[in-house]
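An overview of the molecular structure
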Amino acid sequence: MIIKQRGFTLIEVLVALVVLVFITFASHQILTSATDANDASELKTQELAQLHTAFRLMDQDFSQLAQRFTRNESGDRLEQYFIADRFLFDSQYHGVALVRDGWSNPVSLLPRSELQLVSYVVEEDALVRKYRVYVDELDDTEPRSQVLLEGVEDFKLEYRDKDEKWLETWTEQVPPRALKVQLVLDKQPPITRLFLLPQAMAR
């Protein structure tokens, strides 16, 4: 018995090619969508981590505010424990500065105290935390800078006074009872955080 082998017709081959192209295109689209979604997820996770770090540092600094005056490069004493104002230290928006305690220095191994002069300003659309190794500015040493967030479109501060009222400016020698920080990043809705300051001084 002779078995005749029958090949594919041209139409069958063309149909198979069309199906293969369709499957390849669909697979590529699915892979691209999955990759884009993964990239967007990683970017969002990174942004949230940076935001968490920024607010964590603020909380540590504000909650450990020290009752310590500072001196500028001329030796003049600044009669405020807590300094905050719009455009402070050439910030694009608000700026704030204070001396904090609790800067780790185990058994005084490092040639500095546990006090740290810190400030938060916005420079070139970036929220920057600056600090000095020594509290008093008695030399020409530039402060060290740490960029916390980029794409900052607003950085606003409000202050809670002893009468439980929110103020837009603060000129008292003692710090406010609480600090409200509002951030706007890349046209996103404002992010607001409240920080309590040591009550022993906020009378």
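Description of the structure in this document. (Residues numbered from 1 in each chain as written. Predicted model: local features only at pLDDT ≥ 70, side-chain atom pairs only at ≥ 80, totals over all residues. Heavy atoms only, no water.)

A closer look at the nonpolar core
Core analysis: the biggest nonpolar cluster contains 32 residues, and Phe82, Leu127 and Phe155 have the highest contact counts within it. Ranked by residue count, the leading element in this core is helix H1 (residues 10-63), at six residues. Once you skip the residues sitting within four places of it in the chain, leucine 127 turns out to touch Met58, Tyr120, Val121, Val122, Gln146, Val147, Leu148, Leu149, Val152, Phe155 and Leu183. Among the nonpolar cores identified, the runner-up in size contains five residues, and Ala66, Val99, Leu117 and Val135 belong to it. (Core = buried A, V, L, I, M, F, W, Y, C linked by side-chain atoms within 4.5 Å. Buried < 20%, exposed > 50% of the residue type's maximum accessible area, 1.4 Å probe, protein only. Helix = DSSP H or I, 4+ residues; strand = E, 2+ residues; numbered from the N terminus. Contact = heavy atoms within 4.5 Å.)

What to know about the layout of surface pockets
Looking at the second largest pocket, its volume works out to about 250 Å³. Lining the second largest pocket are 13 residues, and of these Glu47, Gln50, Leu149, Glu150 and Leu185 sit closest to its centre. For the lining of the second largest pocket, the elements supplying multiple residues, two or more each, are H1 and strand S7 (144-150). Broken down by element, the residue count for the lining of the second largest pocket peaks at five residues, all from H1. Partitioning the lining of the second largest pocket into residue classes produces seven nonpolar, two polar and four charged. (1 Å grid on protein atoms, 1.4 Å probe; cavity = no way out; pocket = protein on both sides within 12 Å on 5 of 7 lines; lining within 4 Å. Points joined across faces, edges and corners; volume = space filled by probe spheres on them. Nonpolar A, V, L, I, M, F, W, Y, C, P; charged D, E, K, R; others polar.)

Concerning unusual backbone geometry
Despite not being glycine, phenylalanine 89 has its phi angle at roughly 55°, a positive value. Here phenylalanine 89 is to be found in the loop between strand S3 (82-86) and strand S4 (94-100). Under the relative-accessibility criterion, phenylalanine 89 is labelled partly exposed at 45%. Although it is not a glycine, glutamate 124 sits at a positive phi angle of roughly 50°. Mapped onto the fold, glutamate 124 is located in the loop between strand S5 (116-123) and strand S6 (126-132).

Looking at the pattern of salt bridges
The final tally for this structure, using the stated rule, is seven salt bridges. Put simply, arginine 129 and aspartate 61 hold a salt bridge, and the shortest N to O gap is 2.9 Å. Of this pair, arginine 129 sits in strand S6 while aspartate 61 sits in helix H1; the two residues are 68 residues apart in sequence, bridging distant segments of the chain. Taking relative accessible area as the criterion, arginine 129 reaches 5% and is therefore assigned buried. For aspartate 61, a relative accessible area of 0% puts it in the buried group. The salt bridge involving glutamate 123 is made with lysine 130; its shortest N-O contact spans 2.6 Å. We classify glutamate 123 as partly exposed; its relative accessible area is 29%. By relative accessible area, lysine 130 is classed as buried at 17%. (Salt bridge = Lys/Arg side-chain N within 4 Å of Asp/Glu carboxyl O.)

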